[in-house]
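In case you want the letters, here they are:
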Amino acid sequence: MRIVPSIDLEKGRSRIVFWPGASTGVGAPTDQPARIARHFVDHGATLIHLVDFDGARAGAPQNLAAIGAVAGLVATPLQVAGGVDSPEAIQIVFATGATRVVVGTSLLDEPELLTACARAAGAWLAVGLDPRPERLSQFPWKRAVQPSLDDLLQQLVAAGISRVVMSHGGGTSELSRLSEIGQRYPSIEVSVAGGVTDLDGVRRLRDAGVSALILGEALLSGAIDFEEAQAIANQAG
C-alpha cells in the first residue's frame, strides 16, 4: 500500500501550516505547497495529492500557480482534486504539471461528461466516492432510483474507469466493505482519503487490501509520521 501525502490548496498556500521539525524544534514552519511536497518526496513519497479548495468552490481550477510550483520542484506524479470535473479543466491542470485527477461523484449522473473526462485523462482518472450508506442516500442524485455502491462501481467498470478514491474508509465498520470491493472488483484500484488518524488505521487499511492511503492533516500536524506509516504499509499483513 502506498502512503500519499495530501496538501489542501487555498489562495496559493497550504491550508495547514507544516512544521517538519515540530517534535524536535528543528526546521521552520511553512505553508508553501511546493516546500511541503518536496519534504515528503525527499522522505520517499512517490505521489502527491493536491486538493484545490478554491477550484472545488468555483467549479474550475484556481490554484494553478501553486500546482505549477509543486510540479517545478518535484519530479513525482501529482494528483489533483477539486474543480477538475470537465475535460477542459483536466487539460489545464495537466498542462500545469498534474499527471492524475480525481473527479467528483456528480459525474456519475452525467455519463457523457464522465466519458469525456476519462478520454482527457486516460487511465489517470479517478472518481471520488463517499461509500457510507447515509452519505449515498443523502447525495442529490438526478436518477430516479438511488444507486447502491455496487451500482456505482459496476457503472465505473462498464465505463472502463479503474480508479476510485473513497473519501472515507478508516473506520473499522468499513473494512469489510473495502475487502469485499477488492474481491468483487479486482480491476478497480481503491484509494482511501479519510478517516485515518493513527498508525493502527494504516495497518487496518493495509490488511483490507487498499492500494493507497491519502493522508493530509494527520501527516502535516505530525499525528502520523510519514516514514513510519510507509514502513507499516509495506509490511505484509
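Model, not experiment: these values are computed from the prediction.

Thresholds, definitions, all that
Residues numbered from 1 in each chain as written. Predicted model: local features only at pLDDT ≥ 70, side-chain atom pairs only at ≥ 80, totals over all residues. Heavy atoms only, no water. Buried < 20%, exposed > 50% of the residue type's maximum accessible area, 1.4 Å probe, protein only. Helix = DSSP H or I, 4+ residues; strand = E, 2+ residues; numbered from the N terminus. Arc of directions from axis to C-beta. Contact = heavy atoms within 4.5 Å. Phe/Tyr/Trp six-rings, centres within 6.5 Å; stacked < 30°, edge-to-face > 60°. Lys NZ or Arg CZ within 6 Å of the ring centre and 35° of its normal. Pairing = 2+ DSSP bridges. Salt bridge = Lys/Arg side-chain N within 4 Å of Asp/Glu carboxyl O.

Caption draft 1: Quick peek at helix H1 (residues 33-42). Every buried residue of H1 is listed here: Pro-33, Ala-34, Ile-36, Ala-37 and Phe-40. Along the long axis of H1, the arc covered by the buried residues comes to 160 degrees, so they all point the same way. Opposite the buried face of H1, at more than 90 degrees from it, the exposed residues are Arg-35 and Asp-42. Looking at the buried positions of H1, the neighbouring elements they touch are strand E1 (2-10), strand E2 (13-14), strand E3 (48-52), helix H3 (64-73), helix H10 (217-220) and helix H11 (226-234). Downstream of H1 by a residue or two, Gly-44 has a phi angle that is positive, lying close to 110 degrees.

Caption draft 2: Region of the structure containing the packing of aromatic side chains. For the structure shown, the criterion picks out three aromatic pairs. Plain terms: the ring middles of Phe-40 and Phe-226 are 5.9 Å apart, the flat faces sit at 65 degrees to each other, and that makes the pair edge-to-face. Note that Phe-40 is positioned in helix H1 and Phe-226 in helix H11, a separation of 186 residues in sequence. Judged by its relative accessible area of 4%, Phe-40 falls in the buried class. According to the relative accessible area criterion, Phe-226 is buried, its value standing at 5%. Cluster of aromatic residues (ring-pair linked, three or more members): Phe-18, Phe-40 and Phe-226. Its guanidinium or amino end placed over the ring of Phe-53, Arg-15 lies 4.0 Å from that ring's centre, counting from NZ or CZ.

Caption draft 3: Geometry of the pairing of E1. As paired strands, E1 and strand E9 (residues 212-215) are joined by four bridges and run parallel to one another. Bridge pairing in E9 links Ile-3 to Leu-213. Two elements, E1 and E3, share four bridges in a ladder whose sense is parallel. Residue Ser-6 lies in a different strand from E3, and its bridge partner there is His-49. Sheet topology places E1 next to E2; two bridges connect them, and they run antiparallel. Looking at the pairing, Leu-9 lines up with Ser-14 of E2. In sequence, E1 turns back onto E2 through a hairpin of two residues, with Lys-11 there showing a positive phi of about 55 degrees.

Caption draft 4: Region of interest: the pairing of E9. A two-sided burial pattern is seen for E9, the buried positions comprising Ala-212 and Ile-214 on one face and Leu-213 and Leu-215 on the other. Here strand E8 (residues 189-192) runs beside E9; their pairing, made up of two bridges, is parallel. Note on E9: the bridge partner recorded for Ser-191 is Ala-212.

Caption draft 5: Examining the pattern of salt bridges more closely. For the structure shown, the criterion picks out 14 salt bridges. The partner of Arg-143 in a salt bridge is Asp-109, and the shortest N-O contact between them spans 2.8 Å. One end of the pair, Arg-143, is in the loop between helix H6 (133-138) and helix H7 (149-158); the other, Asp-109, is in the loop between strand E5 (100-103) and helix H5 (111-121), with 34 residues separating them in the sequence. In this structure Arg-143 comes out as partly exposed when scored by relative accessible area, which is 28%. Asp-109 sits in the buried class, given a relative accessible area of 16%. Residue Asp-200 pairs with Arg-203 through a salt bridge whose shortest N-O separation is 2.9 Å. You can see Asp-200 and its partner Arg-203 sitting in helix H9 (residues 199-207), three residues apart, about one turn around the helix.

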